[in-house]
Amino acid sequence: MGPLSGLRVVEFEAIGPGPFCGMMLADMGADVLLVDRKADPNLGLPRERWNDVMLRGRRSLTLDLKSPGGVEAALSIAEKADALIEGFRPGVMERLGLGPDVMLARNPRLVYGRMTGWGQDGPLAKSVGHDINYIALSGVLGAIGRDGAPPTLPLNLVGDFGGGGMLLAFGIACGIIEAKTSGCGQVVDAAMIDGASTLASMFHGMIAAKRWTERRASNMLDSGAPWYDTYRTRDERFIAVGAIEPQFYKALLGKLGLAADPSLPAQHDQARWPELRARFAAVIGTRSSDEWMAIFDGSDACVAPVLSFAEARAHPHAAAREAFVELGGVEQPAPAPRFGRTPGRASAPPPERGAGGRDALVEWGFDAAEINRFTDLGVAFA
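Now for a quick tour of the structure. The structure displayed is predicted, hence computed values, not measured ones.

## Things to note about the overall build of the protein chain
Line of reasoning, step 1. The number of helices and strands found in the protein chain is 15 helices and 12 strands.
Line of reasoning, step 2. Across the 382 residues in the protein chain, those meeting the buried criterion constitute 43%.
Line of reasoning, step 3. Look at the contacts in the protein chain between residues 6 or more apart in sequence, and 68% of them connect residues 24 or more apart.
Line of reasoning, step 4. Summed over its atoms, the accessible surface of the protein chain is roughly 19,600 Å², and 58% of this surface lies on carbon and sulfur atoms.
Line of reasoning, step 5. Of the charged side chains in the protein chain, 39 are positive and 45 negative; the average position of the first set lies 2 Å away from that of the second.

## Describing the nonpolar core
The nonpolar side chains of a soluble globular protein tend to be buried, and buried together.
Line of reasoning, step 1. In terms of nonpolar packing, the biggest core is built from 29 residues, with Phe 12, Ile 77, Leu 98 and Met 103 touching the most fellow members.
Line of reasoning, step 2. Contributing elements (two or more residues each) for this core: β1 (8-12), β2 (31-37), β3 (58-63), α2 (68-79), α3 (92-96), α14 (357-363) and α15 (368-376).
Line of reasoning, step 3. Among the elements that line this core, the one with the most residues is α2, at six residues.
Line of reasoning, step 4. The residues contacting Met 103, other than those within four sequence positions of it, are Phe 12, Leu 75, Ala 78, Leu 84, Leu 98, Leu 110 and Tyr 112.

## Let's talk about helix α6 (residues 157-182)
Line of reasoning, step 1. At Leu 167, α6 shows its maximal kink, close to 30 degrees.
Line of reasoning, step 2. Gly 183 lies just past α6 and shows a positive phi near 80 degrees.

## With respect to the packing of α6 against helix α7 (residues 192-199)
Line of reasoning, step 1. Interaxial distance between α6 and α7 falls to 8 Å at its minimum, and their mutual angle equals 95 degrees. Accordingly, the angle class assigned to the pair α6 and α7 is roughly perpendicular. Residue-level inspection shows Val 158, Gly 159, Asp 160, Gly 162, Gly 163, Gly 164 and Leu 167 of α6 in contact with α7, the latter providing Met 192, Gly 195, Ala 196 and Leu 199.

## Concerning the pattern of salt bridges
Any two side chains of opposite charge can pair if their charged atoms end up close together.
Line of reasoning, step 1. This model, assessed by the stated rule, comprises 18 salt bridges.
Line of reasoning, step 2. The partner of Arg 279 in a salt bridge is Asp 261, with the nearest N and O atoms 2.1 Å apart. Taken as a pair, Arg 279 in helix α10 (residues 273-284) and Asp 261 in the loop between α9 (246-256) and α10 lie far apart in primary sequence, 18 residues in all.
Line of reasoning, step 3. You can call Arg 279 partly exposed: its relative accessible area is 24%.
Line of reasoning, step 4. Across the salt bridge formed by Glu 275 and Arg 272, the nearest N and O atoms sit 2.9 Å from each other.
Line of reasoning, step 5. Classification of Arg 272 by relative accessible area gives partly exposed; the value is 30%.
Line of reasoning, step 6. Each member of the salt-bridge network shares a partner with another, and the members are Asp 31, Arg 59 and Glu 363.

## Observations regarding the packing of helix α5 (residues 131-138) against α7
What describes two packed helices is the angle between their axes and the distance between those same axes.
Line of reasoning, step 1. Taken N-terminus to C-terminus, the directions of α5 and α7 make an angle of 50 degrees; their axes are 8 Å apart at the nearest point. Put simply, α5 runs oblique to α7. Viewed along their axes, α5 and α7 form a crossing whose handedness is right-handed. The residues of α7 that touch α5, namely those facing Tyr 134, Ile 135, Leu 137 and Ser 138, are Met 192, Ile 193, Ala 196 and Ser 197.
Line of reasoning, step 2. By residue class, the composition of the contact of α5 with α7 is six nonpolar, two polar and no charged.

## With respect to the packing of aromatic side chains
Line of reasoning, step 1. Going through the model one piece at a time under the given rule, you end up with eight aromatic pairs.
Line of reasoning, step 2. An aromatic cluster of at least three residues, connected via ring pairs, comprises Tyr 231, Tyr 249 and Phe 280.
Line of reasoning, step 3. Sitting above the plane of the Phe 366 ring, Lys 80 keeps its charged end 4.9 Å from the centroid.

## Things to note about the state of the cysteines
Line of reasoning, step 1. Under the criterion given, the structure shown has zero disulfides.
Line of reasoning, step 2. Unpaired in terms of disulfides, Cys 174 finds its nearest cysteine sulfur in Cys 21, a separation of 12 Å.
Line of reasoning, step 3. Not part of a disulfide, Cys 184 finds its nearest cysteine sulfur in Cys 174, a span of 17 Å.
Line of reasoning, step 4. Overall, the relative accessible area of 43% leaves Cys 184 in the partly exposed class.

Definitions and cut-offs
- Residues numbered from 1 in each chain as written.
- Predicted model: local features only at pLDDT ≥ 70, side-chain atom pairs only at ≥ 80, totals over all residues.
- Heavy atoms only, no water.
- Helix = DSSP H or I, 4+ residues; strand = E, 2+ residues; numbered from the N terminus.
- Buried < 20%, exposed > 50% of the residue type's maximum accessible area, 1.4 Å probe, protein only.
- Contact = heavy atoms within 4.5 Å.
- Areas by Shrake-Rupley, 256 points an atom, 1.4 Å probe, with all protein chains shown as cover.
- Lys, Arg positive; Asp, Glu negative; His and termini not counted.
- Charge placed at Lys NZ, Arg CZ, Asp CG, Glu CD.
- Core = buried A, V, L, I, M, F, W, Y, C linked by side-chain atoms within 4.5 Å.
- Bend = angle between axes of the 7 residues up to and from the residue.
- Axes fitted to C-alpha atoms, helices over the stretch in contact; angles between N-to-C directions.
- Parallel < 35°, antiparallel > 145°, perpendicular 65-115°, else oblique.
- Salt bridge = Lys/Arg side-chain N within 4 Å of Asp/Glu carboxyl O.
- Left-handed = near helix turned anticlockwise from the far one by under 90°.
- Nonpolar A, V, L, I, M, F, W, Y, C, P; charged D, E, K, R; others polar.
- Phe/Tyr/Trp six-rings, centres within 6.5 Å; stacked < 30°, edge-to-face > 60°.
- Lys NZ or Arg CZ within 6 Å of the ring centre and 35° of its normal.
- Disulfide = S-S within 2.5 Å.

Spatial relationships are all this shows, so hold off on functional conclusions.
Rendered as structure tokens:
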């Protein structure tokens, strides 16, 4: 079932990075039990469970966390968990009677994972926000986009998922490893603004070394360099060029038919980058995307077609690596990374769980009397 098989995680319902963290842990074999809240129209758009990829691999039960019975049931479940995931605003879990002090008193080895945008403290801790706000204040958003144009939104990948859910999953895994030695749990304060900043660590170093400027689209990796950019093809598609190293750049020029052109600007002559970009664009615009990919096939020019999500799922490389699976009629990325005891990548779909939370409680060590008590407390199994 994966390297985290046997690990028990209780996840309190949220949106975005919390479920993403739960998905990552479940994909690796953890038994993640999702605690749903009672239906609330203020929580946002209705969630269709059958196509919500980030909720795969879980069973669930529903608790009214504003009732004493629901709180007691949540505490009892957390007593048997190795880790917990919650994504409420700071102070909410404490007001519910489910804060880390209470939880750790009942389960000293619990790793209590908290997911917020701004963190548990600081001037903005209690402020609302979304991915766009967190990456804006981290400096990341301001570095992405074309020269003279507004910043470009990188979907919600940097704040919510890379800087949020993935950071929380890493923190929980680290906390669990430490708890195995010390016997003591701890609180993991994962903030999306911190995670987004961490993802940009390399650029802070490059700024200090004066190898990166704060002006958008004027550097090697931000569309400033013509040999690291996207270009429109004759059929109105795009190809992505990433020929950074000299040998790869040489291969690019050869395939573009420009290797013998003495008037071509040098690769790192930044003052003539606009001229070099125009030359690349003119040549690339003479052929279709498929024609260019046939030309670049097998070369070291670092060129790839820009695909849609559907095209990416159907690409031969994805098929060879079994990079996507179909669950519940929904094609979706397969768990990554995958582990095996033998060389190669043995394909493994996300773990399937039992039909209901009642089964999960049995597997977590609750007996029939305890489960009946949960029912009396108003627990609904799903």
